[in-house]
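Chains, contacts and geometry: an overview
The lines below spell out each chain.
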Amino acid sequence: MAARLKKTVVLVGMMGAGKTAVGTALAARLGVPFLDSDAEIVAAASRTIAEIFDRDGEAFFRDRESEVISRLLDAEPGILSTGGGAFLAERNRQMIHDRGVSVLLDAKVGLLWNRVKHKDTRPLLRTSDPRATLEAIYAERVPIYSKADLVVAARPEYAIADMVDRVIAALLQRPDVLEES
């Protein structure tokens, strides 16, 4: 497919929704850069996100996160994967809406749980009942995630390539973002 990306596409959603996997494949398909805001923050700080939280606090981290997202939105259009909490901040939602386009990868709790239950890389799920914690986070965040510019449903039977096809189809509905050439 020959297409031209005019604005950065910002993938948002819950942990396990596929932002990194789908984003990487989408960027490759469109021939644009793939960026990850969390990875950019870690590289700039030379510390893990957990270390940043422990040393400097969440407010400090969220300020750096907004700065990084702003910088990446000003760069060449590409695909940007954000941390699950980035879209919760009104300032980030507005910045993304004004200068890019947000795409929610909308996965239901059962699918998310199947993807994250065997990983210990999710600090928010290090609780006595990680499934209940995931359900609580999901319930809290879904109303905010629903404010995304575009929504693409994730299904257990979809391969990454299927999700990429669905994201591209959604983006093609927005000629200000993606146009076939």
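Summarised in this report is the structure supplied together with it. (Residues numbered from 1 in each chain as written. Predicted model: local features only at pLDDT ≥ 70, side-chain atom pairs only at ≥ 80, totals over all residues. Heavy atoms only, no water.)

Some points on the environment of Gly100
Using the following cut-off: Working definition: helices are DSSP H or I runs of at least four residues, strands are E runs of at least two. Numbering for both runs from the N terminus.
You can see Gly100 is positioned in strand β5 (residues 100-106). Separated by 40 residues in the primary sequence, Gly100 and Phe60 place their C-alpha atoms 24 Å from one another.

Notes on the nonpolar core
Inclusion rule: Each nonpolar core is a collection of buried residues, namely Ala, Val, Leu, Ile, Met, Phe, Trp, Tyr and Cys, held together in the definition by side-chain atoms within 4.5 Å. In this scheme, a residue with accessible area under 20% of its type's maximum is buried, one over 50% is exposed, and one in between is partly exposed, where area comes from a 1.4 Å probe on protein chains only. Note on contacts: a residue pair qualifies if any of its non-hydrogen atoms lie within 4.5 Å across the two residues.
With 55 residues, the main nonpolar core has Val9, Ile79, Val103, Leu105, Leu134 and Leu171 as its most contacted residues. Among the elements that line this core, the one with the most residues is helix α8 (residues 160-172), at six residues. Look past the residues within four positions of Leu171 in its chain and what remains in contact with it is Val9, Val101, Val103, Leu150, Val177 and Leu178.

Details of the sheet that holds strand β2 (residues 8-12)
Quick note on the threshold: Each pair of strands is called paired provided DSSP finds at least two bridges between the two strands. Note on geometry: axes are lines fitted to C-alpha atoms, helical ones only across the stretch in contact, with angles between N-to-C directions running from 0 to 180 degrees.
Spatial strand order, β3-β4-β2-β5-β6: five strands in an open sheet with parallel pairing. With partners counted over all chains shown, the strands left at the sheet margins are β3 (34-36) and β6 (150-153), one partner each. Within this sheet the neighbouring strands show an average axis-to-axis angle of 25°, counted without direction. For β2 and β5, the ladder comprises five bridges, and the chain directions are parallel. Looking at β5, one finds that Leu11 is bridged to Val103. Docked against the sheet, helix α4 (residues 58-74) engages β2, β3, β4 (79-81) and β5, running at close to 145° with respect to β2.

Considerations on helix α2 (residues 37-45)
What counts is decided by this rule: Throughout this description, a polar contact denotes any pair of N or O atoms lying within 3.5 Å of each other; where both atoms belong to protein, one of them has to be capable of donating a hydrogen while the other can accept it, and for residues adjacent in sequence the pair is counted only when both atoms sit in side chains.
A distance of 2.9 Å separates the backbone nitrogen of Asp38 from a side-chain oxygen at the start of α2, and that oxygen is part of Asp36. At the C-terminal side of α2, Ser46 shows a positive phi close to 55°.

Quick notes on the pairing of β2
Here β2 lies mainly inside the structure; five of its five residues are buried. Here β2 shows no split at all, with Thr8, Val10 and Val12 on one side and Val9 and Leu11 on the other all buried. The pairing of β2 with β4 spans three bridges and is parallel. The partner of Val10 across the bridge, within β4, is Leu80.

Focus: the side chain of Asn92
Among the structural elements, Asn92 can be located in helix α5 (residues 90-99). A distance of 2.6 Å separates a polar atom in the side chain of Asn92 from a polar atom in the side chain of Ser66.

Some points on the packing of aromatic side chains
Where we set the bar: Geometry of aromatic contacts follows a simple scheme: Phe, Tyr and Trp rings, the Trp one being its six-membered ring, pair when their centres are within 6.5 Å, and the pair is stacked under 30 degrees between planes, edge-to-face over 60, tilted otherwise. Two conditions define a charge sitting above a ring: the NZ of Lys or the CZ of Arg must be within 6 Å of the ring centre, and it must be within 35 degrees of the ring normal.
One pass over the full model with this rule turns up one aromatic pair. Consider the rings of Phe53 and Phe61, whose centres lie 5.0 Å apart with planes at 40°: the pair is tilted. Residue classification places Phe53 among the partly exposed positions, given a relative accessible area of 28%. Under the relative-accessibility criterion, Phe61 is labelled buried at 2%. Here Arg64 stacks its cationic end above the ring of Phe60, 4.5 Å away from the centre of that ring.

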